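One-letter residues, chain by chain:
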Amino acid sequence: MTGGPGAVLVLGEALVDLVPVAGDAGVRAAQSGGAPANVAVGLVTLGTPASFAGGLGGDGFARTIEERMRAAGVDLTLCARSGLPTALAVAEPGAGGTGYHFHLQDTATFRLPDLSARAAGFGAVYVGGLAAVVEPAASAVRAAATAAAEHSLLFVDPNVRHDRTLGPDHGAAALRELCGLAHVVKASDEDLERLWPGAAPEETCRSLAAGGRLVVLTRGARGSTAYTATEPPVSVAATPVEVVNTIGAGDAFAAGLLSRMGRHGSFTVAQGPEEVRDMLAFASEAAASVCARTGTEPSAPAGI
């Protein structure tokens, strides 16, 4: 059954990443991706029911995406469907992380349904990624996020991407608006530097948290820190791992946070330091499990 207090509605894009093949930089392999789609699969893998609401096309890539998500156990009944092609993201790994060039126009990927009336039927709603800034999806995301802010737990992962197709501000204004609506914001230091240039990420986190939000700052190998309105920041070191892959690690971290927040059958914003520390440790383990191998699906952390 779609929805319920222990389920998450994930709104956004499911697309195809074209990633370099190891040993041959001139060849790229197609890999199912899109931050929201990865989060939905990650949630179910970690034991949390999730419904994905995105746009699915009529090509072979769309069928591969659907097979992957159905095999994981993600509910797809709220997806919009059309005969248009699937969006592509060409991955460009570098010393500073993975960059992307996007092929987004006239695709099914960003033709999202209006689910503002359904948001209250879920314990939590996740938004972020490209769908938050690429129309016509962005309008649907904003409407659902506004409804979720009133009736559910709204989790925002801005996941800022730089590409000329996203406009001169790369959707920064829309992402700042979503962060202002959120109950939980998960963002990297790079995300916050791009959204609030000139301000230290830590200061931005404190400012967002002062409004009653839980704000989680991720720094890759340097670990993560959570900020709340009432307690000192809580930091957890990154789980040590021999890195094979970084694509999808941030999405696995987000899935870990949400899954841990809803482990008692409903979603509440963690405030106590020990509860926050436990949540960060769980998310760090989930992210490390992705970094340790190829693919974007996390493994359930053991012993946490």
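Just above sits the structure.
Residues numbered from 1 in each chain as written. Predicted model: local features only at pLDDT ≥ 70, side-chain atom pairs only at ≥ 80, totals over all residues. Heavy atoms only, no water.

## Thoughts on the packing of helix 7 (residues 249-261) against helix 8 (residues 273-291)
And then number 1: Between helix 7 and helix 8, the shortest axis-to-axis distance is 7 Å and the interhelical angle comes to 145 degrees. Relative to helix 8, the crossing made by helix 7 is right-handed. Each of Ala249, Ala252, Phe253, Gly256, Leu257, Ser259, Arg260 and Met261 in helix 7 lies in contact with helix 8, whose residues at this interface are Asp278, Met279, Leu280, Phe282, Ala283, Ser284, Ala286, Ala287, Val290 and Cys291.
And then number 2: Of the residues belonging to the contact of helix 7 with helix 8, the class tally is 13 nonpolar, 3 polar and 2 charged. (Axes fitted to C-alpha atoms, helices over the stretch in contact; angles between N-to-C directions. Helix = DSSP H or I, 4+ residues; strand = E, 2+ residues; numbered from the N terminus. Left-handed = near helix turned anticlockwise from the far one by under 90°. Contact = heavy atoms within 4.5 Å. Nonpolar A, V, L, I, M, F, W, Y, C, P; charged D, E, K, R; others polar.)

## Considering the pairing of strand 12 (residues 214-218)
And then number 1: Buried residues dominate strand 12, accounting for 5 of its 5 residues.
And then number 2: In strand 12, alternate side chains face the same way, and those of Leu214, Val216 and Thr218 on one face and Val215 and Leu217 on the other are all buried.
And then number 3: Pairing geometry for strand 12 and strand 13 (residues 224-227), over 4 bridges, is antiparallel. Counted as the bridge partner of leucine 217 is threonine 225 from strand 13.
And then number 4: With antiparallel pairing between neighbouring strands as the criterion, strand 12 and strand 13 make up a hairpin whose turn holds 5 residues, including glycine 220 at a positive phi of roughly 60 degrees. (Buried < 20%, exposed > 50% of the residue type's maximum accessible area, 1.4 Å probe, protein only. Pairing = 2+ DSSP bridges.)

## Observations regarding helix 8
Along an α-helix, a turn takes 3.6 residues, which lines up residues three or four apart on a common side.
And then number 1: Taking 1.5 Å of rise per residue, the 19 residues of helix 8 would be expected to cover 27 Å, and the 27 Å separating its terminal C-alpha atoms lies within 8% of that figure.
And then number 2: Buried within helix 8 we find Val276, Met279, Leu280, Phe282, Ala283, Ser284, Ala286, Ala287, Ala288, Ser289, Val290 and Cys291.
And then number 3: Buried residues along helix 8 sit in contact with strand 12, strand 13, strand 14 (234-236) and helix 7. (Expected span 1.5 Å × (residues − 1).)

## Considering the layout of surface pockets
And then number 1: Roughly 1300 Å³ of volume is contained in the largest pocket.
And then number 2: Considering the residues around the largest pocket, the lining is formed by 48 residues, among which Ser188, Gly220, Thr246, Ala249 and Gly250 are closest to the centre.
And then number 3: Listing elements by their share of the lining of the largest pocket, those giving two or more residues are strand 2 (15-21), helix 1 (35-45), strand 8 (97-103), strand 11 (184-188), helix 5 (189-195), helix 7 and helix 8. (1 Å grid on protein atoms, 1.4 Å probe; cavity = no way out; pocket = protein on both sides within 12 Å on 5 of 7 lines; lining within 4 Å. Points joined across faces, edges and corners; volume = space filled by probe spheres on them.)

## What about the pattern of salt bridges?
And then number 1: Applying the stated rule across the entire model yields 9 salt bridges.
And then number 2: Put simply, aspartate 278 and arginine 263 hold a salt bridge, and the shortest N to O gap is 3.9 Å. Of this pair, aspartate 278 sits in helix 8 while arginine 263 sits in the loop between helix 7 and helix 8, placing them 15 residues apart in sequence.
And then number 3: A residue is classified by how much of its surface remains accessible, and aspartate 278, at 23% relative accessible area, is partly exposed.
And then number 4: Arginine 277 is paired through a salt bridge with glutamate 274; the nearest N and O atoms lie 3.9 Å apart. Of this pair, arginine 277 and glutamate 274 both sit in helix 8, 3 residues apart, which is roughly one turn of that helix.
And then number 5: Looking at arginine 277, the relative accessible area reads 34%, which means it is partly exposed.
And then number 6: Ionic contacts of the salt-bridge type, sharing partners, join the residues Glu66, Arg70 and Arg81 into one network. (Salt bridge = Lys/Arg side-chain N within 4 Å of Asp/Glu carboxyl O.)

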